[in-house]
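Next come the chains, spelled out residue by residue.
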Amino acid sequence: MTRPLVLCSNDDGVDAPHLNALAALIEDFADVLVVAPERQRSAASHAITLHKPLRLTEVGPRRFALSGTPVDCVYLGILKLCDRVPAVVVSGVNDGYNLGSDVFYSGTVAAAVEGALRGAAGIACSLGPRAEDPDRAIRFAAAVVRAAVAEPMPAGTVLNVNMPKTPSDGYQWTVLGRRLYADDVSERRDPRGRPYYWVGGGPAGHDDVEGTDCVAIARGWNSITPMHLDLTDRGRVDQPPWALEGFHVVVGSPP
Ligand code: MN
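Position labels on residues start from 1 in each chain and follow its written sequence. Whole-chain, interface and lining totals are the exception, using all residues; otherwise, since this is a predicted model, local features are given only for residues with pLDDT of at least 70 and side-chain atom pairs are given and counted only at 80 or more. Side-chain metrics in this entry use all non-hydrogen atoms of the structure; hydrogen atoms and water are not considered.

Q: Just checking my understanding: could you explain the pattern of salt bridges for this structure?
A: Pairing is possible between side chains of opposite charge, provided their charged atoms come close. What makes a salt bridge here is a side-chain nitrogen of Lys or Arg within 4 Å of a carboxyl oxygen of Asp or Glu, nothing more. Applying the stated criterion across every chain yields a total of 11 salt bridges. When the shortest N-O distance is used, the salt bridge between Glu-187 and Arg-189 registers 3.3 Å. Only protein chains enter the accessibility calculation, which uses a 1.4 Å probe; a residue whose area is less than 20% of its type maximum is buried, one above 50% is exposed, and one in between is partly exposed. Relative accessible area serves as the criterion here: at 47%, Glu-187 is assigned to the partly exposed category. For Arg-189, a relative accessible area of 52% translates into the label exposed. What emerges from the salt-bridge pattern is a single network uniting Arg-3, Asp-31, Asp-83 and Arg-84.

In structure tokens:
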């Protein structure tokens, strides 16, 4: 019997230890193909490379490095390297959380979303920075992938999985919370006296809302947030915020 296929990627680069630790655990129950960026591409979001060539390097058996973004890796992996649509596209394990609005910036989450857009289930896995016992923590991610392979989720499903720094046997199904950052733009001077800018401050806590991924992690549990990709605000379609002067609204019936 053919084993299920799992495509693994990440945004920390093909040599990231957490990627290889998770891929090794998944190999127990699935055929694994790894296609990952040749270098660190965190916060690449859903970028794809349309205006320059991509180079693919075979770095080991069923292991490839690509000179592109995490989404390039999944795109090319599924369309060029996989002999069938993977059951699951796994991204990570990322070195650092992806909680709340992080999902919009994250290359880790974007790679899982790309898998979902292409007919697989997508699972994004992230672990607290400087984790105490990464190998043990990553066993939780492997258990999620194992369950998703054994009992397939509908194509298009995305799970955003976060694991606390200290490994836990507990997990919670959560909603995306709101993570806060010390929003910052630093202005400095280069050696020629011209200004340059550095955006992004460190984490500054989260809204303390029960049931969110942020709070589950703060309490030391693993978190699984199911996401869907339909960003439409259906309530707003039903009840538009205003009428536009000089134009008339055409009333349709949204699907
Ligand atoms: Mn990363």
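Q: How should I be thinking about the environment of Asp-31 in this particular structure?
A: The helix count covers DSSP runs of H or I at least four residues long, the strand count covers runs of E at least two residues long, and both are numbered beginning at the N terminus. Note on placement: Asp-31 falls in strand β2 (residues 31-37). As a C-alpha pair, Asp-31 and Gly-220 span 189 residues in sequence and 32 Å in three-dimensional space. Whether two residues are in contact is decided by their heavy atoms: any pair within 4.5 Å suffices. Not counting chain neighbours up to four residues away, the residues in contact with Asp-31 comprise Arg-3, Pro-4, Leu-5, Val-6, Arg-62 and Arg-84. In protein, a polar contact means a hydrogen-donor-capable atom and an acceptor-capable atom, both N or O and within 3.5 Å, with residues adjacent in sequence counting only if both atoms are side-chain atoms; elsewhere, any N or O pair within 3.5 Å suffices. Only 3.3 Å separates the side chain of Asp-31 from the side chain of Arg-3, close enough to count as a polar contact.

Q: Help me out: how do you make sense of the coordination of the manganese ion in this one?
A: As a benchmark, a tetrahedral metal site with four donors has ideal angles of 109.5 degrees, while an octahedral site with six donors has ideal angles of 90 or 180 degrees. Donor atoms from the polypeptide that bind the manganese ion are Asp-11 (OD), Asp-12 (OD), Ser-42 (OG) and Asn-94 (OD1), placed at 2.1 to 2.2 Å. In this analysis a donor is any N, O or S atom within 2.8 Å of a metal ion (3.2 Å for sodium, potassium and calcium), and since water is not included, sites may seem incomplete. In terms of primary sequence, the donors binding the manganese ion are separated according to D-D-x29-S-x51-N. Placement of Asp-12 in the loop between β1 (5-9) and α1 (17-26) and of Asn-94 in strand β5 (residues 88-95) is noted, with a sequence separation of 82 residues between them. The pair Asp-12 / Asn-94 is uniform in exposure class, with both members buried.

Q: Just to check I follow, could you spell out the nonpolar core for this structure?
A: Burial of nonpolar side chains together is a common tendency in soluble globular proteins. Judged by nonpolar contacts, the single largest core of 36 residues is most densely connected at Ile-26 and Ile-123. If you list the elements that add at least two residues to this core, you get β1, α1, β2, β5, β6 (121-127), α5 (134-150) and β7 (158-163). The biggest single contributor to this core is α5, with 9 residues. Beyond its immediate chain neighbours, meaning those up to four positions away, Ile-123 contacts Val-88, Val-89, Val-90, Ser-91, Ala-112, Val-144, Val-145, Ala-148, Met-153, Leu-159 and Val-161. Counting residues in hydrophobic clusters, the runner-up holds 13 residues, among them Leu-5, Val-35, Cys-73 and Cys-82. Each nonpolar core is a collection of buried residues, namely Ala, Val, Leu, Ile, Met, Phe, Trp, Tyr and Cys, held together in the definition by side-chain atoms within 4.5 Å.

Q: Just checking my understanding: could you explain a nonpolar patch on the surface for this structure?
A: Nonpolar side chains (Val, Leu, Ile, Met, Phe, Trp, Tyr) are joined into patches within 5 Å and like charges within 9 Å, using only residues with over 30% relative accessible area and no salt bridge. Reported accessibility uses the Shrake-Rupley method at a 1.4 Å probe radius. Residues are deemed covered only where the shown protein chains occlude them. Judged by side-chain polarity, Ile-48, Leu-50, Tyr-75 and Leu-79 come together as a nonpolar surface patch covering roughly 410 Å² of accessible area. Along the chain, Leu-79 falls in helix α2 (residues 70-81). Overall, the relative accessible area of 55% leaves Leu-79 in the exposed class.

Q: So what exactly am I meant to see when it comes to the sheet that holds strand β3 (residues 56-60) here?
A: Where strands meet in a sheet, backbone hydrogen bonds hold them as pairs that are either parallel or antiparallel. With mixed pairing, 9 strands are arranged side by side in an open sheet as β3-β4-β2-β1-β5-β6-β7-β13-β8. Looking along the sheet, the strands with just one partner apiece sit at the ends: β3 and β8 (171-173). Across the sheet, the axes of successive neighbouring strands diverge by a mean angle of 20°, strand direction being ignored. Contacts between α2 and the sheet are confined to β1, β2, β3, β4 (63-66) and β5, with β2 contributing the most and set at about 140° to the helix. The strands that helix α4 (residues 107-117) touches are β5, β6, β7 and β13 (222-227); relative to β5, the one it contacts most, it runs at about 180°. Each pair of strands is called paired provided DSSP finds at least two bridges between the two strands. For helices, the fitted axis covers only the stretch in contact; all axes are lines through C-alpha atoms, and the angles between them, taken along N-to-C directions, range from 0 to 180 degrees.

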